[in-house]
Each structure stands twice: as C-alpha cells, then as structure tokens.
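Coordinates in review
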Amino acid sequence: MYYEPQYSHARMLLVKVLLVISILDDTYDAYGTFEELELLTEAFERWDLNAMEQFPKDYMKLVFQFVYNIYNGFAKEMTELGKPYAAKFAKDRVMDLIRSYYTEAKWYKAKYVPTFEEYMVNARITGVAQILTTSLLGMEEIMEVKPFKQIIQAPNKAIRACEIIGRIMDDVVSHEEEQARGHVASGVECYMKDYNMSREEVVQIFNKMVEDAWKELNEEFLIKSRPGDDDLPKAVLKRVLNLARVVDALYKVIDGYTYSAKLIKGDIISTYTQPIPL
Ligand SMILES: *[C@@H]1O[C@H](CO)[C@@H](O)[C@H](O)[C@H]1NC(C)=O
C-alpha cells in the first residue's frame, strides 16, 4: 500500500492498525463468548484501564490493553506531529470498528441473518475505510482532516469500489470455512437468503460485482485524476488503488490472510528476501 521510501511512517501505522484489526476480529468473531464481548465492548466505550477489573478472563486484559496502548500511542504521536485532530480521529475509527464487530456478535447470538444491504452497511466499517483512514494519518502530505472525513462520510466511487472488492473477495473465499466453524452470516449467506439463490449462483454474482468494481476503480483513477473540489488528493487515491491490489493478491485464490503459509508466505519471501538474479 505504501511502498515508497518516504512512507515509512504510514507503513508502521498500517502494521499497527492491521494488528489491531486482526486481534479484534479474532476476538469478536471466534474466541470470545457473547458475555465476554459485552464486557469488553463496555470497557472500550469507557476507554479506561480500570474497566479491566470487570473482566472474568485474562485474555480480555491483553486485548484491551493492546488496543488501548496502540491508540494512546497514536494520540501522542499525532499531537507531536502537529496533527492533534488526528488523535481523536483514530480513536473514533477504532470505536466504530469495535461497535460493528459487536453488532455482528449480536447477530450471531440471535441467529439473525441480515439483509445483504444491512450486512454491507456494517461491513463497510469493519474493512477498507478503517485501514485506509488510519494509515493515512502517517502521510506527510495529509495535514488536514478533510480527506479522512470524505472517506468516512462521503466515500467517492473509488472508495466504494475498493470496499466492494475487499468485502466481497474475502467473503467468496472464506464463507464456507467460516460457516463450518460457526460464524455470523457472510455476504454470501445474506444474499442467498434475500434472493433465494444457491451458493454457486451467488458466488458468480459476487465475482461479477468485483469485476465491475475494478472497472470503476480503474476509471476513477485514470479519468478523474485531474484536480477537483470533491476529489481525493492523488496521493490518497493511489492508496485506495494499492489497497485493492493487496486484497486481490491476498484473496484471489484462497483466503490467503488466514492461510498465510499456503500462498502469501512464498510471495513475501520472494519479494523481500530472495534477490532476483540479474
Ligand atoms: C426458493 O427456490 C427454490 C428452488 O428454486 C424453490 O423451490 C422455493 O419455492 C423458493 N422459495 C421461495 C420463498 O421463493
């Protein structure tokens, strides 16, 4: 997403954000019981280390402290960099994320299958927007809050396309395994229920959605690169495109993020540790 040398700060933020997302995702999706998640969510809402006294299990303290420390670290860093607005901004984003994971946990507990539309509204918060906005805080050319607000409140075509690519590709490769281990309905199940379609039919439709989203994203990137009031700065738009590329590399064949040893490990080794002989 940020391969250029000058973006090392953004890269570090991105790694931290991805760690937080992975830990929260695993906790809310798989590990925690509903009662534990309720307490954990309340503690996050209070944003106070004393809230940990209520926790019945030690792992909850680890999760809470980890997220708390990372975001308080961001706040300190951003204030030092002269972007005080960004401190609150980052924390608001992680709270959005926690609340939408909690919504999914409630759906799962109630065995509720949302409509596809409902699912996508919630899923939007758990995915691309979160990764993008928080890591952008590390870009030097982003010194004002406008691009972040734009991504969250008024996503343009490129952002929406990237969100579809991220959510739908992930759902297509991971839904069967997730359903087998007990997981909230993915977009595939929601769509099946809405339209009374088979899994195979929905997967076909989803693949087409991803293809169309790529056309939109490419179009935005190629045609709308001229400056305009509502457009995101080109440097930001480039991250949107790169994030969609990352998603494509991760989820094209299998859920490469979950089963990292099968695919991604080899790619990383060949990219970073094995020089290409010249
Ligand atoms: C759903 O599709 C199946 C198979 O095509 C059909 O038998 C069934 O009546 C449909 N259900 C509804 C609610 O339309």
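Everything quoted here is computed from the prediction, not taken from an experiment. (Residues numbered from 1 in each chain as written. Predicted model: local features only at pLDDT ≥ 70, side-chain atom pairs only at ≥ 80, totals over all residues. Heavy atoms only, no water.)

Points about the layout of surface pockets
Its volume calculated, the second largest pocket comes out at about 220 Å³. In terms of lining residues, the second largest pocket is bounded by 17 residues, among which Tyr28, Asp29, Ala30, Gly32 and Tyr108 are the most central. Counting only elements with at least two residues in the lining of the second largest pocket, the list comes to α1 (8-31), α2 (34-46) and α4 (84-109). At 5 residues, α1 tops the list of elements feeding residues into the lining of the second largest pocket. For the lining of the second largest pocket, the per-class residue count stands at 8 nonpolar, 5 polar and 4 charged. (1 Å grid on protein atoms, 1.4 Å probe; cavity = no way out; pocket = protein on both sides within 12 Å on 5 of 7 lines; lining within 4 Å. Points joined across faces, edges and corners; volume = space filled by probe spheres on them. Helix = DSSP H or I, 4+ residues; strand = E, 2+ residues; numbered from the N terminus. Nonpolar A, V, L, I, M, F, W, Y, C, P; charged D, E, K, R; others polar.)

Some words on the UniProt feature "signal peptide" (unreviewed entry) in the chain
In the numbering used here, UniProt assigns the feature "signal peptide" (unreviewed entry) to residues 1-30. The distance separating the terminal C-alpha atoms of residues 1-30 is 28 Å; by composition the span is 77% helix and 0% strand. (UniProt positions renumbered as here; feature names shortened; annotations may be inferred.)

Notes on α4
Relative to the 38 Å expected for 26 residues at 1.5 Å per residue, α4 spans 39 Å between its end C-alpha atoms, a close match to the ideal helical length. Positive backbone phi, at 55°, marks lysine 111, one or two positions downstream of α4. (Expected span 1.5 Å × (residues − 1).)

Focus: helix α9 (residues 187-195)
Those residues of α9 lying buried are Gly187, Val188, Glu189, Cys190, Tyr191 and Met192. Tucked into the core, α9 has its buried residues touching α5 (116-126), α8 (157-181) and α10 (199-223). The first or second residue beyond α9 is asparagine 196, which carries a positive phi of 50°. (Buried < 20%, exposed > 50% of the residue type's maximum accessible area, 1.4 Å probe, protein only. Contact = heavy atoms within 4.5 Å.)

A short note on the nonpolar core
Formed by 85 residues in total, the largest nonpolar core has its most connected members in Leu24, Tyr28, Phe44, Tyr71, Val94, Ile165 and Leu217. Not counting residues up to four positions away in its chain, the partners in contact with isoleucine 165 are Val210, Ala213, Trp214, Leu217, Ala244 and Val247. (Core = buried A, V, L, I, M, F, W, Y, C linked by side-chain atoms within 4.5 Å.)

Topic: the environment of proline 147
Structurally, proline 147 is set in helix α7 (residues 146-153). Expressed as a C-alpha distance, the spacing of proline 147 and arginine 181, which sit 34 residues apart in the sequence, is 39 Å. Beyond its immediate sequence surroundings of up to four residues, proline 147 is in contact with Ile142 and Leu232.

Details of the packing of aromatic side chains
The geometry of an aromatic ring pair is captured by two quantities: the separation of the ring centres and the angle between the planes. As enumerated under the stated definition, the model contains 15 aromatic pairs in all. Ring geometry for phenylalanine 64 against tyrosine 68: centres 5.8 Å apart, planes inclined by 25°, an arrangement best described as stacked. Of this pair, phenylalanine 64 and tyrosine 68 are both found in helix α3 (residues 58-80), 4 residues apart, which corresponds to roughly one turn of the helix. Here phenylalanine 64 matches tyrosine 68 in class, with each residue buried. For the pair phenylalanine 116 and phenylalanine 206, a centre-to-centre distance of 5.5 Å together with 40° between the ring planes defines the contact as tilted. Highlighted residues: phenylalanine 116 in helix α5 and phenylalanine 206 in helix α10, separated in sequence by 90 residues. Assessed through its relative accessible area of 13%, phenylalanine 116 is described here as buried. The structure contains a cluster of three or more aromatic residues connected by ring pairs, namely Phe44, Trp47, Phe55, Phe64 and Tyr68. The ring of phenylalanine 221 has lysine 234 lying over it, and the distance from NZ or CZ to the ring centre is 5.1 Å. Its end group placed over the ring of tyrosine 259, lysine 262 keeps NZ or CZ at 4.8 Å from the ring centre. (Phe/Tyr/Trp six-rings, centres within 6.5 Å; stacked < 30°, edge-to-face > 60°. Lys NZ or Arg CZ within 6 Å of the ring centre and 35° of its normal.)

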